Amino acid sequence: MIRYIYADQLDAFPLLKRSMFLDRADQFRTRLGWDVAVDAQGEERDEYDGMNPLYVIWERPDGRHGGSMRLLPTVGRCMVNDHFLHLTGGVRIESPLIWECTRFCLSRETDPGAAAALMLAGGEVMQGFGVAHYVGVFDARMVRIYKRIGASPEVLGSQGEGRERISVGLWEFSAEAHARVSSSAGIPAALSRGWFEAAFGAGVVRVPVAA
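Here goes a summary of the coordinates provided. Computed from a predicted structure; not experimentally measured.

**A closer look at helix H3 (residues 114-129)**
And step 1. Its 16 residues place the ends of H3 22 Å apart at the C-alpha level, agreeing with the 22 Å of an ideal helix rising 1.5 Å per residue.
And step 2. Burial of H3 is extensive: 14 of the 16 residues sit out of reach of the surface.
And step 3. Looking one or two residues beyond H3, the residue adopting positive phi is glycine 130, at roughly 70°.

Structure, rendered in structure tokens:
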């Protein structure tokens, strides 16, 4: 199932929290070889985890992390503006209608369809919070995943070649995209919406705090 959890709520889910940060270390440092900070407990975190982001998490039946992504509004500090302006021609992306999506992570033992489930949940956040677009930095391996799910971004800028290529992308989520991703995930739209409403209710929801 999908859970929507702010950083200041993670302690209520200790197994899910620990397994998420362990899986992030495994994916980003061990498998991809990124220069990321891993602490003595083997968990990967960065400065943006301290800004009370909203985590969208695929929880496996045993309560462990299967996949996740991290959301922050671009009106505050965010990774694309702090570190990747060279990919946007120096143009800062700042709007209450654009949120940044980072740290898209999948466990080695995740369930089939977890990646699509996360993208579907991202669409629920867009609809529920009135977000028009996501922006995010992605590497070459994600291109195939996005195409398979049916949620490819508009590429704003890229650098590098082959497997070393990184890009900044902009996503929107139309009704047609929602249907495609729902089919890819094997999750009925009503169930996906139900998970969102279980977290936030059907009324007003709160926006992540911009630092």
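**Some details on the nonpolar core**
And step 1. Ranked by size, the top nonpolar core spans 40 residues in total, and within it Ile2, Tyr4, Val56, Val125 and Phe129 carry the most contacts.
And step 2. For this core, the leading source of residues is H3, giving 11 residues.
And step 3. Aside from chain neighbours lying at most four places away, what touches tyrosine 4 is Gln9, Leu54, Tyr55, Val56, Ala121, Glu124, Val125, Trp195, Phe196, Ala199 and Phe200.
And step 4. Residues Leu72, Met79, Phe84 and Leu170 belong to the second largest nonpolar core, which totals 13 residues.

**Regarding the pairing of strand E6 (residues 154-159)**
And step 1. Of the pairings in the sheet, the one linking E6 to strand E7 (residues 166-171) comprises 5 bridges and is antiparallel in character. Bridging from a neighbouring strand, valine 155 pairs with glycine 169 of E7.

**So, the packing of H3 against helix H5 (residues 175-185)**
And step 1. For the pair H3 and H5, the least separation of the axes is 8 Å and the interaxial angle reads 145°. Between H3 and H5 the crossing geometry is left-handed. Across the interface between the two elements, Ala116, Ala117, Met119, Leu120, Glu124 and Gln127 from H3 touch His178, Val181, Ser182, Ser184 and Ala185 from H5.
And step 2. Residues belonging to the contact of H3 with H5 are distributed by class as follows: 6 nonpolar, 4 polar and 1 charged.

**Some words on the environment of alanine 115**
And step 1. With respect to the secondary-structure elements, alanine 115 resides in helix H3.
And step 2. C-alpha of alanine 115 to C-alpha of leucine 32: the two residues are 83 residues apart in sequence and 17 Å apart in space.
And step 3. Excluding anything up to four places from it in sequence, alanine 115 contacts Phe104, Leu106, Ile145 and Ile149.

Parameters and conventions
- Residues numbered from 1 in each chain as written.
- Predicted model: local features only at pLDDT ≥ 70, side-chain atom pairs only at ≥ 80, totals over all residues.
- Heavy atoms only, no water.
- Helix = DSSP H or I, 4+ residues; strand = E, 2+ residues; numbered from the N terminus.
- Expected span 1.5 Å × (residues − 1).
- Buried < 20%, exposed > 50% of the residue type's maximum accessible area, 1.4 Å probe, protein only.
- Core = buried A, V, L, I, M, F, W, Y, C linked by side-chain atoms within 4.5 Å.
- Contact = heavy atoms within 4.5 Å.
- Pairing = 2+ DSSP bridges.
- Axes fitted to C-alpha atoms, helices over the stretch in contact; angles between N-to-C directions.
- Left-handed = near helix turned anticlockwise from the far one by under 90°.
- Nonpolar A, V, L, I, M, F, W, Y, C, P; charged D, E, K, R; others polar.

From the geometry alone we can't say anything about function, so treat these as descriptive.
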